[in-house]
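Topology and contacts: notes
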Amino acid sequence: RVAAEAERTNMAVSLVAPIGAGGVRFRRARRPAHRVTPGARKVPGDERSPNVARLVRTPVPGVGLGRSRACVARDAPREADEPRDVRAEASAAPVRSPSWDEADELEQVGGAGVPSRSSDEYVRKARSGVAGLQPSSTVCEDMYCTDPGLNQLLISEGSSISRFFSQDEWERHRSVGRYWRHLFSTWKSTIFLRVLEPVLLITCFAAALAAWNTHFARVLAMPVLQIAPLAHQLSGGIVSLSLVFRTNNSNRRVIDARSLLGKMSKCTRDLTRMSQYVPNQDGLRLDVLKHLRAFPYAMESHVRKGRSREDARDPTAFRVDPVPGMTRALGTKKAQRLAYYENIPAQVLLDMSQILNKALSLGMSTQMHQQCEIIVKELSSVVSESEKILYTPIPISYTRHTSRTLTLWLLTLPFSLWGALGLATIPAIFMLGWLMLGVDEIGIEIEEPFCILPVRPLCDMCEREVVGAMAQALRAEDWLPAAKK
């Protein structure tokens, strides 16, 4: 237990590096209670334990200084050549993502040769091209450092589907005051900021029409530009159906993706429990648990293959590196071998099936082997179903037609509203444009759900459960079929 505790204390925080500028490196460091760095802020808890962990920022070679949310992984420990203690390895706790609180101390180190750039600048610019109307804050640090693979351009600052909800967050989510809270935080909304530019352009077109009808038409003795509202009344139902169809399909993709992640968690627990029926000879049971521990991170890298940006300095570019997570489970050599494959989770499952086949030859029950293979098959279906969502969007022609129809409908709507509303057409167009373009934008944002769902927290949860049950599973005696009478 002492060795396991020491290994758990010294284990590195595993976070995946964003590509480009703005990278910083986080590691867990032990600071003895009797040593106090001159000029450093005192961290609460140093008096209580000599092993209080703090977050230390160190520069990444060749990368400039970024914002405090940019986190990258420390180099994973190399696999030892000597045999490893199975009990200590089973008791080793998985790495957990850091939580930002008052006890965390940050040391900011500037990069050499590269100008400092904040990714907030890129996030706000990409969210809305209208200068001065972007909020000063973006994704909260705790959410981003817990799951650095999230797409910052699509996530709101407050409560989000991109993290696990606690009971307190559920209470806040369903509180009666949500109406006023959501109303007064509209200017921080991701949807509002992303559709703000087209909404303002359509509103400016309505203002130009109002200027023509109120001034230029009278001065130039030209007719007022307006049409009967019947055309928009007839076509409004078609536009609404198009928006609803698209949004419902996108929402179904989110539900399917979250169900697949839940299925991965379920299969991880089931196979961890079934591993006690694998013979404990030649380390087969431990090998099964190791590959099961590595599978979630291989799956994460498969559904988050990476995103690029036009600006090479944009720190919001990202690609998941599965090697640190798989190294903790399998060691450096095996992790690097798996990283060469295009479909890493499929290769992990193939290795797992080979281990189960070897266990069958050593006396594993045929029935138990079949049950384990069924679980492996379900994990394989998780991979294939995730690929279906990831590689195939809603038909592009439907998306283009919906965008064109909605844009033309909103651009011609001021001609129909002028006769009834007059100058009030301008704010009415702004409200209607925000409402309808916002619905279309929601469907676009959630169409690819793996960049907004909490994939990394789910992987960490699966790893914790596997490691937590590993010692008990390894202590279980080999199961042998009852002798026939």
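Right above here is the structure, for reference.
Residues numbered from 1 in each chain as written. Predicted model: local features only at pLDDT ≥ 70, side-chain atom pairs only at ≥ 80, totals over all residues. Heavy atoms only, no water.

1. Topic: a nonpolar patch on the surface
A grouping of Val176, Tyr179, Trp180, Leu183 and Phe184 is seen on the molecular surface, where their side chains present a nonpolar patch of about 670 Å² in accessible area. Within the element layout of this structure, Leu183 appears in helix 6 (residues 178–184). Judged by relative accessible area, which is 49%, Leu183 ranks as partly exposed. (Patch = residues over 30% accessible without salt bridge, like charges linked within 9 Å, V, L, I, M, F, W, Y side chains within 5 Å. Areas by Shrake-Rupley, 256 points an atom, 1.4 Å probe, with all protein chains shown as cover. Salt bridge = Lys/Arg side-chain N within 4 Å of Asp/Glu carboxyl O. Helix = DSSP H or I, 4+ residues; strand = E, 2+ residues; numbered from the N terminus. Buried < 20%, exposed > 50% of the residue type's maximum accessible area, 1.4 Å probe, protein only.)

2. Examining unusual backbone geometry
One non-glycine residue with positive phi stands out, namely Ala221, at about 55°. Mapped onto the fold, Ala221 is located in the loop between helix 7 (190–219) and helix 8 (230–274). Take Ala221: its relative accessible area is 68%, and that puts it in the exposed class. Within the chain, Asp282 stands out as a residue other than glycine whose phi angle is a positive 55°. The residue Asp282 is located in the loop between helix 8 and helix 9 (284–303) in this model.

3. Describing the environment of Met431
Note that Met431 resides in helix 15 (residues 425–445). Given the relative accessible area of 42%, Met431 is considered partly exposed.

4. Focus: the pattern of salt bridges
Counting across every chain of the model gives 16 salt bridges. Arg174 serves as the salt-bridge partner of Glu171, at 3.0 Å between the closest nitrogen and oxygen. Of the residues examined, Arg174 reaches a relative accessible area of 46% and is grouped as partly exposed. With its nearest N and O atoms 3.0 Å apart, the salt bridge here joins Arg328 to Glu463. Residue Arg328 is found in helix 10 (residues 323–330), and its partner Glu463 is found in helix 16 (residues 455–475); the two are separated by 135 residues along the sequence. The exposure class assigned to Arg328 is buried, which follows from its relative accessible area of 14%. For Glu463, a relative accessible area of 0% translates into the label buried.

As far as function goes, none of this settles anything; it's purely spatial.
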